[in-house]
Amino acid sequence: MERLPQMFDHPTARKDEPSPPWNGRSRHLAPVRQSQDLDFPADFTDVSTRELRLLCNRTYEQLDTDHPALETREQYEALVEELERRERQAERRGTDVAARETFRDNALFSRFELFRDGVMAGYMQYEMRGSHVLLLHSVIDPRFRRMGLEPVLMQAVLLNAHRRRLAVVPYCPEAQNFLAAHPQYLSLIPAAQRRRFARLLASRADHAGHNA
């Protein structure tokens, strides 16, 4: 199968230099600067869900450093747990039947996970770079492939990024295909890279036309 050229610049690449080939193990990326200590609430009771999500995003930026403080990881896990608890409460209020699919961000392993009836059905591996989330590759358990869960996972990933005000860079072919089929999510791609994504789609269409 012919490989198409990579169309995306890495978010930390300088615009006046050619982009290096993507390497998930590269250690020459600009680290996220450690911000000042956050005003972390002692009690989440009076904190709105929107404020929790913003705080979660800022805490994640501190977590995405070479040597994050143990307290920062504990704070992030507490925020994720509280947000998930509120989502479960909202689901119970909206329906008497629990959703069969559940989604979570596993920051420890840098992957978005989709569960069906308590069993992990698939995940999207990612990497955080400041306010960008790089979607690297997705995996669906063979036992669940006939259930059509890949679009469910992709939609959950993009909605999670939207809620956290993160820009999406889709290196994953499955994510690229989903975005091509659902253009309402294209605004999540940074503007400069969105144009390159459009050229990537056009190149694929031209390539498919020549092979038809």
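This text follows the structure it describes.
The shown structure was predicted, so the numbers you read here are calculated from the model rather than taken from an experiment.

Draft legend 1. Here's a closer look at a negative patch on the surface. A contiguous patch of negative charge, built from E71, E74, E77 and E81, is present on the exposed surface. Inspection of the secondary structure puts E77 in helix 2 (residues 70-94).

Draft legend 2. Region of interest: the pairing of strand 4 (residues 132-140). By the criterion of burial, strand 4 is predominantly enclosed, with seven of the nine residues buried. Between the end of strand 3 (residues 119-129) and the start of strand 4, which pair antiparallel, lie two residues, with G130 showing a positive phi angle near 65°. By the bridge criterion, four bridges tie strand 4 to strand 5 (residues 167-170) in an arrangement that is parallel. Each residue of the ladder has a partner; that of V133, found in strand 5, is V168.

Draft legend 3. Representation of empty space enclosed by the protein. What the rule picks out here adds up to one cavity of 30 Å³ or more. Roughly 200 Å³ of volume is contained in the largest cavity. Residue lining of the largest cavity: 13 residues in total, with L83, E87, N160, R163 and R164 positioned closest to the centre. Going through the elements one at a time, helix 1 (49-63), helix 2, strand 1 (101-106) and helix 3 (150-163) are the ones with two or more residues in the lining of the largest cavity. The greatest single-element share of the lining of the largest cavity, amounting to five residues, is contributed by helix 2.

Draft legend 4. Focus on the packing of aromatic side chains. Applying the stated rule across the entire model yields five aromatic pairs. Measuring from centroid to centroid gives 5.9 Å for F40 and F44, while their planes differ by 75°, and the two rings are edge-to-face. A relative accessible area of 23% means that F40 is categorised as partly exposed. Among the aromatic residues, those joined into a cluster by ring pairs are F103, F112 and Y126. The positively charged end of R111 is found above the aromatic ring belonging to F109, 5.3 Å away from the centroid.

Draft legend 5. Representation of the nonpolar core. Residues F112, M124, Y126, V133 and L135 are the most contacted members of the largest nonpolar core, which totals 41 residues. Here the element with the most residues in this core is helix 3; it accounts for six residues. Leaving out residues up to four positions away in the same chain, V133 has contacts with F112, Y126, E127, M128, A161, L166, A167, V168 and V169.

About the criteria used
- Residues numbered from 1 in each chain as written.
- Predicted model: local features only at pLDDT ≥ 70, side-chain atom pairs only at ≥ 80, totals over all residues.
- Heavy atoms only, no water.
- Patch = residues over 30% accessible without salt bridge, like charges linked within 9 Å, V, L, I, M, F, W, Y side chains within 5 Å.
- Areas by Shrake-Rupley, 256 points an atom, 1.4 Å probe, with all protein chains shown as cover.
- Salt bridge = Lys/Arg side-chain N within 4 Å of Asp/Glu carboxyl O.
- Lys, Arg positive; Asp, Glu negative; His and termini not counted.
- Charge placed at Lys NZ, Arg CZ, Asp CG, Glu CD.
- Helix = DSSP H or I, 4+ residues; strand = E, 2+ residues; numbered from the N terminus.
- Buried < 20%, exposed > 50% of the residue type's maximum accessible area, 1.4 Å probe, protein only.
- Pairing = 2+ DSSP bridges.
- 1 Å grid on protein atoms, 1.4 Å probe; cavity = no way out; pocket = protein on both sides within 12 Å on 5 of 7 lines; lining within 4 Å.
- Points joined across faces, edges and corners; volume = space filled by probe spheres on them.
- Phe/Tyr/Trp six-rings, centres within 6.5 Å; stacked < 30°, edge-to-face > 60°.
- Lys NZ or Arg CZ within 6 Å of the ring centre and 35° of its normal.
- Core = buried A, V, L, I, M, F, W, Y, C linked by side-chain atoms within 4.5 Å.
- Contact = heavy atoms within 4.5 Å.

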